[in-house]
Amino acid sequence: MQLERSGEGRQSEITLRGLSGGFVKTTAFGQSFATPSRSFDEVGDANPFSAFEAGVFDGVTVVKTPTADMQTGGIAGIIDKKLQQALGKKDGTYHVSLGGRYEELTEHWDPAIKLSASKHLIKDELAVAFKLAGSGQTFRRDTANFTTYAPIGIDHPRGGTRGSNSDTHLAYREKWGLSPDADLRGVASARNVSEFSDGDRISFTGNIEWKPIEDLRLGSHLLYTKRNLDSGTKQDAQFSSGYNQVVPTNSEQYYKIEPDMDSAPFIYDKTADGTDVWGVTKTSITDGAYTFTNRETTFLETVKGLMLYGDYLAGDWKLDGVLSYSESENKFNQLGLDFRFQGHHSNTKSVNGVSGVVIPPTGINVDIDAAYGDINNASVVASGWENIVYDLPSWESSDAFNSLSLTTADPLNDGKQLQHYILGRIDNPKREMTSAEFNATRFTDFGFGSGLNFETVKFGFRHSIEELENDDRQPAAIGLNASAIDATTVHNNLLSVGQAAFFNGEYSGAFGASSGWNTLNNLEHLAKLTDGLRDIPGAVLVEEIGLYERMISASSSIPQLYGTNFDVKQNITAAYVMTDFVGTIGSIPFSGNVGLRYVNTDNTFNGFRADIEADTLTSVSAKDDYSHMLPSLNLSFEVHEDVVLRGAFNKGIVRPNLRVLTPATDVRTAVNGNQTQVRTRGADIKPYEADNYDLSLAWYNREGSAISIGLFYKELSGFILSTDTCNENDPEVMAAIGGTYTRTNNASTGGFECIEDTLRANNDGDLVNRDLRVIERYNSDGAIKLTGVEFAIQQKLDFLPYPWNGFGAVFNYTYIDQKSDESVSGDDNQLYQVAPESYNLIGYYENDGMSFRLAYNWKDDSLLQGENSFLGTLPRVQQENGRLDFSASYRFAKGANFTVRAYNITDEKRVESWGFDERAVSRIDYTGRILEASVSYNF
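The structure reproduced in this document is the subject of the present report. (Residues numbered from 1 in each chain as written. Predicted model: local features only at pLDDT ≥ 70, side-chain atom pairs only at ≥ 80, totals over all residues. Heavy atoms only, no water.)

## Overview of the nonpolar core
(1) Moving on: If you look at the biggest cluster of nonpolar residues, it comprises 72 residues, and the most contacted ones within it are Phe 146, Tyr 290, Phe 339 and Tyr 507.
(2) Moving on: In this structure, Tyr 290 is in contact with Gln 238, Phe 239, Phe 339, Arg 340, Phe 341, Ile 364, Trp 385, Ile 388, Tyr 390, Gly 516 and Asn 518, ignoring residues within four places of it in sequence.
(3) Moving on: Counting residues in each nonpolar core, the second largest holds 33 residues, with Phe 23, Leu 658, Ala 683 and Leu 786 among its members. (Core = buried A, V, L, I, M, F, W, Y, C linked by side-chain atoms within 4.5 Å. Buried < 20%, exposed > 50% of the residue type's maximum accessible area, 1.4 Å probe, protein only. Contact = heavy atoms within 4.5 Å.)

## A few points about the sheet that holds strand β3 (residues 24-28)
(1) Moving on: Ordered by their spatial adjacency, three strands build an open sheet running β3-β5-β4, and the pairing between neighbours is mixed. In this open sheet, the two strands that pair with only one neighbour each are β3 and β4 (60-63). Taken over all neighbouring pairs, the strand axes of this sheet differ in orientation by 20° on average, direction set aside.
(2) Moving on: Summarising the sheet, β3 and strand β5 (residues 77-81) pair through five bridges and their orientation is parallel. Counted as the bridge partner of Lys 25 is Ile 78 from β5. (Pairing = 2+ DSSP bridges. Helix = DSSP H or I, 4+ residues; strand = E, 2+ residues; numbered from the N terminus. Axes fitted to C-alpha atoms, helices over the stretch in contact; angles between N-to-C directions.)

## Let's talk about helix α1 (residues 169-176)
(1) Moving on: His 169, Tyr 172 and Arg 173 are the residues of α1 that are buried. Along the axis of α1, the buried residues cluster in a sector spanning 100°; they form a single face. Opposite its buried face, α1 presents the exposed residues Leu 170 and Glu 174, each directed more than 90 degrees away.
(2) Moving on: Contacts from the buried residues of α1 go to β10 (183-187), β13 (256-259) and β15 (276-280).
(3) Moving on: Gly 177 occupies a position one or two residues after α1 and carries a positive phi of about 75°. (Arc of directions from axis to C-beta.)

## Notes on the packing of aromatic side chains
Aromatic rings considered in pairs are described by the distance between their centres and by the relative angle of their planes.
(1) Moving on: For the structure on display, the rule yields 43 aromatic pairs.
(2) Moving on: With a centroid separation of 5.3 Å and an interplanar angle of 50°, the aromatic rings of Tyr 688 and Phe 719 are classed as tilted. Residue Tyr 688 is found in strand β38 (residues 688-702), and its partner Phe 719 is found in the loop between β39 (705-717) and β40 (720-725); the two are separated by 31 residues along the sequence.
(3) Moving on: With relative accessibility at 3%, the residue Tyr 688 sits in the buried group.
(4) Moving on: Linked through ring pairs, Phe 239, Tyr 290, Phe 292, Phe 339, Tyr 390, Trp 395, Phe 502, Phe 503, Tyr 507, Phe 511, Trp 517 and Tyr 926 together constitute an aromatic cluster.
(5) Moving on: Over the face of the ring belonging to Phe 332 we find Arg 38, whose NZ or CZ atom lies 3.8 Å from the ring centre.
(6) Moving on: The ring of Tyr 421 is capped by Arg 340, whose NZ or CZ atom sits 3.8 Å from the centre of that ring. (Phe/Tyr/Trp six-rings, centres within 6.5 Å; stacked < 30°, edge-to-face > 60°. Lys NZ or Arg CZ within 6 Å of the ring centre and 35° of its normal.)

## Observations concerning the environment of Glu 918
(1) Moving on: Within the secondary structure, Glu 918 sits in the loop between β52 (910-914) and β53 (921-926).
(2) Moving on: The class of Glu 918 is exposed, set by a relative accessible area of 52%.
(3) Moving on: Among residues more than four places away in sequence, those in contact with Glu 918 are Tyr 372, Gln 879 and Ser 913.

## Here's the deal with the state of the cysteines
(1) Moving on: Per the counting criterion, the structure on display carries one disulfide.
(2) Moving on: For Cys 726, the disulfide goes to Cys 754, at an S-S distance of 1.6 Å. Taking the torsion about the sulfur-sulfur bond, which here is approximately 125°, the covalent link between Cys 726 and Cys 754 counts as right-handed. Here Cys 726, found in the loop between β40 and α4 (731-737), pairs with Cys 754, found in strand β42 (residues 751-761); they are 28 residues apart in sequence, far enough to count as distant. For the pair shown, Cys 726 and Cys 754 are each scored as buried. (Disulfide = S-S within 2.5 Å.)

## Details of the sheet that holds strand β9 (residues 149-151)
(1) Moving on: Strands sit in the order β9-β10-β15-β14 across an open sheet of four strands; the sheet is mixed. Pairing within the sheet leaves two strands with one partner each, and these edge strands are β9 and β14 (266-270). This sheet shows a mean twist of 40° between the axes of neighbouring strands, independent of strand direction.

## Focus: the environment of Glu 104
(1) Moving on: Here Glu 104 shows up in the loop between β6 (93-103) and β7 (108-122).
(2) Moving on: C-alpha separation for the pair Glu 104 and Phe 511, spaced 407 residues apart in sequence, amounts to 21 Å.
(3) Moving on: If sequence neighbours within four positions are ignored, Glu 104 has contacts with Ala 500, Asn 504, Asp 907, Tyr 926, Gly 928 and Arg 929.
(4) Moving on: Polar contacts involving the side chain of Glu 104 include one to the side chain of Asn 504, which spans 3.2 Å. (Polar contact = N/O pair within 3.5 Å; in protein donor to acceptor, adjacent residues only side chain to side chain.)

Interpretation note: all reported values are geometric properties and have no functional meaning in isolation.
Printed below as a string of structure tokens:
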């Protein structure tokens, strides 16, 4: 089990057995609750652990082999957050902890506080308990991106007289023994990002329990958390070649990319036909592109929950039940303002209503050395950005409802193209969940002597209703006060100037505040743009940011994100029966349980279908339901004194993420208006199904110690795929775009392009045949087979003489092998973010009121799926990485402790690369070291 913390805003989730959080079912007190996640991942209901203060829980319980009485949804297992129960707590205990956390990159201390108490108001009858924790949330992440590796020595995809994009590639190929037609690609972009968030988090759990009679217990849990990151920014700048790896025909026409003659090429990938792909880590680019942006980003995550529970023991019967209600909300608000100094794919374009404007070369030159992935030796040196003029009389703001940018080709910039983009998103998913659960256990003494005896028969029923309401919007760059655009809000006061240096100084060759990394004061800039915002008939104002909402075309009344504005109501009804048994086979005692769980899922969707030609939205509803019979069996054999053999089998499911179950086909236009994206409806997607087998052998060689080895096998079917397609004459796609389209195979990429046949205006007013991207989601017919090995050892060395008897160690290792069903062609049957190997190694010492612990966590390379232009579109590899953490505590007085924790002592980075060679670096993330210190007192 490991914690993955690579998400935006330091979102985190638990990974189990090498499988990502979407495959892990997260509960509290055994109950599902509304999650504040805004994830668009296709599976699971990943619960962001970062939304909660860990101190309000009594730890977690990890279940790898679920039984029939547990909820479905975790193929990897179940993580249950343990809530305190007041009558089980010692009477009259109080705890207070004061401390703080220091982040190396922000150079800032955040305060932290924890309070808890338990009190028996009536001894052993009525008790209350609570835990309250809060902390400041200030953190930063630095990222170096080399996300584009562009082909070297190709002619411009639009042909004409443009010629090759490299003048020296033939000499380079000859020097290093490469054939003239070898697939040679060089690093073609360098991007710096500093992501910063500032806010606070407060969480609370409370419990009251009443035992009116000996055999009846009633109780209530309260659960609350609020994580408010009300100040955040992403300072982002990039130099690139202008090669468009998504749509090569839209690559800028004048750029050149030259390989460094002294940098040896390396093979890092293969094309679909098996051709080697060679990479060059150091290049020189002329007439490239320059972009800088600031994305003001805020999060607000809240969860409120109430659980009422009771259990009653009457003779041979035990009855228990839980009623629960929870609600959650995630308010995500991001506003991105950027300037782009770039060329164009054609000789001329329309600018502010003037057609045939000649766009000259940019004059942006950049030398990029990715240093084969060694960030300490990487460097970026750029020129041509210094003399860009932003105070231009030719800025004009469009009234086109789909516009995201303002464009100039002003003489003050020698006619070169400068664009100003407004990007952002206001995403606000809200959830409500109610549930009722009843369980009955009958204690029995029925069987066949000592051979097999059934100790209990248990059955139960559960019904839950989850409702999701999506509110998703995008702002547009229309009606703005264009005359207010100037350089007064452009600055180079970077986070890495006022705080620790970029990458804490390790990436000393990066371009910085004086060498091309500019940013914007977003709030001041936005205030100027919206001062005098024009009243545009039919335009819809987004109150949260004071801008108009973006529509799918210039005069349309259909919102750009209409497809993700829908509601889902999911009813889950489950019933089960199971029995616990014991017995002996010869002299070997055994125990176990066997059960069957029936689950019915009923989904109701309400959304909108767009009629592009009529410019209307029509309400659309959809329903889907499915049922599963899920058997389970757990066996345990005491094969020898202190040696236990365990086996288990169960069937499980992981439902699709409700946020991807769109009830209608979704149509969107790209930022520049040159591409249409069609995403087919997701309401018909079914869950993953899995057959899970486990076998383990454990030796409990002394109290508090164990050695175990285990095998597990999982066969997954119904794998959810999201695939780019271009099946001509698809009626659903033609209806969505209001026209026909043509498929063209692309020899240079091994892929294909879809092109609309109808001419449509882009954001510059040019009539173009838009590129068409069709994304189809469906359940694959193939299967994925996961075979794993687990080894664990936990040893207390308390048999040694003092003081050595305080030492101990824990080690666990997991290996997982993944195979796909080769009989199904064309499907990407691949689980991403699965680490083939991972381990945790912990050493500790506890004696005389003092304890310390060193923990090292490591996981192997894992494959990541390509997603967007920010990260690139091809699959990437997250390189193996490990992290060393330390914690120590000292009791300096009765009830008083001093605790210190240090995270990432080894100062590790998270690295992604292309293909199978880590030298083809794509992205490097760095968060630095973190230190926590606190003083606590129990009384």
